[in-house]
Amino acid sequence: MDQLTRRCLLTVSLLLAVAVAHAGDWLLPLGGRQQFTVAIAARGTQLTGLCIVRTDADGSSRGTVVNEFGIHALDFTLTADRQRMRLHNVMPWMDRWYIRRVVRRDLQRLFAATAAGDLGHRRHLSVEADGTVVLENEKYNLKYSFKQSDDTE
């Protein structure tokens, strides 16, 4: 019985180590400076543009979203473990506490996701064939699409 307990504990420890190592495999990996094409759709309107994210040496990230005309939509900061996000400099028509809260939670879940599927709270994450990561918030009828862009100019 003692031998069986040791084997079981070893197996559980190895599975836990694999799970922890896999947890860092993000759907949207961040490193250095990256650029994404972004589309945020809400009830018949759509904000499309670029999301530029820069990851610092300590692992925390800073990003901004601008539309095609260069109009600044919002800035954000993301902790290294991707568990906390803060929004900064949000454009005036989005700068309401309830809009900021929903967008912040959606973006935090999007950047913290490690696999496609149901994220809870009526949010679903999927990856399309072309590599676009799509988060759908069914409660507020919002859809976020992020696709990595090669153009870093």
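Thresholds, definitions, all that
Residues numbered from 1 in each chain as written. Predicted model: local features only at pLDDT ≥ 70, side-chain atom pairs only at ≥ 80, totals over all residues. Heavy atoms only, no water. Patch = residues over 30% accessible without salt bridge, like charges linked within 9 Å, V, L, I, M, F, W, Y side chains within 5 Å. Areas by Shrake-Rupley, 256 points an atom, 1.4 Å probe, with all protein chains shown as cover. Salt bridge = Lys/Arg side-chain N within 4 Å of Asp/Glu carboxyl O. Lys, Arg positive; Asp, Glu negative; His and termini not counted. Charge placed at Lys NZ, Arg CZ, Asp CG, Glu CD. Helix = DSSP H or I, 4+ residues; strand = E, 2+ residues; numbered from the N terminus. Buried < 20%, exposed > 50% of the residue type's maximum accessible area, 1.4 Å probe, protein only. Pairing = 2+ DSSP bridges. Axes fitted to C-alpha atoms, helices over the stretch in contact; angles between N-to-C directions. Contact = heavy atoms within 4.5 Å.

Asker: Help me understand a positive patch on the surface in this model?
Answerer: On the surface, a cluster of positive charge is contributed by R84, R86, R101, R104, R105, R122 and K139. Here the element with the most residues in the positive patch is helix α2 (residues 97–112); it accounts for three residues. As for its position among the elements, R122 is in the loop between β6 (117–120) and β7 (123–127).

Asker: So what exactly am I meant to see when it comes to a negative patch on the surface here?
Answerer: Together, D118, E128, E136 and E138 make up a negatively charged patch on the protein surface. Structurally, E136 is set in strand β8 (residues 133–137). On the basis of relative accessibility, which here comes to 33%, the residue E136 falls in the partly exposed class.

Asker: Honestly, the sheet that holds β8 in this entry has me stumped. Any pointers?
Answerer: In sheet architecture, strand pairing relies on hydrogen bonds along the backbone and comes in two forms, parallel and antiparallel. In space, the nine strands of this open sheet follow the order β5-β4-β3-β2-β1-β9-β8-β7-β6, with antiparallel pairing throughout. Of all the strands in the sheet, the pair left with one neighbour each is β5 (85–88) and β6. This sheet shows a mean twist of 20° between the axes of neighbouring strands, independent of strand direction. Along the sheet, α2 makes contact with β2 (45–55), β4 (72–78), β5, β6, β7, β8 and β9 (142–149), crossing β5 at roughly 130°.

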